[in-house]
Amino acid sequence: MQIQKYRFGEKLQYTIEADPAVLMYRIPKMVILPFVENASIHGIESSPGVGIIQLVVSMENDQLHIRLTDNGIGMSQAKLEELLSYLDQNTDMGEHVGMKNAYSRLKLCYKNHFTFDIETWEGEGTRIQIKLPLDPSAMPGD
């Protein structure tokens, strides 16, 4: 997020909140980064005002919850459906390659034991939520 802050300057503000209890858990590398980049580039950059990105990591019901919210331009329902369809396809080409790679790593590591949701509101922003199991046998290694 600090790199995006350097890039966007005063146009971008961000907060990171992490429950200290979750800091011992590992997740696949580079899973959050593509979503931060997309929030910055596709959501905040086109927004007329100051962009705010909030990352919250917490633990609920034996799951690690990662929630990334921005107040950018959001997406239409059609664009959201197109994005979700693209993430589930086996192709590697497209505009959101980083997001697809992150989503694919989650599927590889957690199979069907994770959830991934995107909520978006045109002109208001987007929220991505990832829920991962806290079962130590489901935690990826280095």
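Residues numbered from 1 in each chain as written. Predicted model: local features only at pLDDT ≥ 70, side-chain atom pairs only at ≥ 80, totals over all residues. Heavy atoms only, no water.

1. Quick word on the overall build of the protein chain
Next, step 1: The number of helices and strands found in the protein chain is four helices and five strands.
Next, step 2: Going from N to C terminus, the protein chain has its helices and strands arranged as α-β-α-β-β-α-α-β-β.
Next, step 3: Seen through its C-alpha atoms, the protein chain measures out along the principal axes to roughly 45 × 35 × 25 Å.
Next, step 4: The 142 residues of the protein chain split such that 37% are buried.
Next, step 5: Long-range pairs, those at least 24 residues apart, make up 65% of the contacts in the protein chain with a sequence separation of at least 6. (Helix = DSSP H or I, 4+ residues; strand = E, 2+ residues; numbered from the N terminus. Buried < 20%, exposed > 50% of the residue type's maximum accessible area, 1.4 Å probe, protein only. Contact = heavy atoms within 4.5 Å.)

2. As for the environment of Q89
Next, step 1: By secondary structure assignment, the location of Q89 is in the loop between α3 (77-88) and α4 (97-110).
Next, step 2: A sequence separation of 15 residues divides Q89 from S104, and the C-alpha atoms of the two residues are 9.9 Å apart.

3. Comments concerning the pairing of strand β4 (residues 115-121)
Next, step 1: Burial along β4 is one-sided: the face carrying F116, I118 and T120 is buried and the face carrying T115, D117, E119 and W121 is not.
Next, step 2: When β4 meets strand β5 (residues 125-133), the two strands line up antiparallel, connected through seven bridges. Considered in β5, the bridge of E119 is made with R127.
Next, step 3: The hairpin formed by β4 and β5 contains three residues between the paired strands, and G123 there has a positive phi angle of roughly 80 degrees. (Pairing = 2+ DSSP bridges.)

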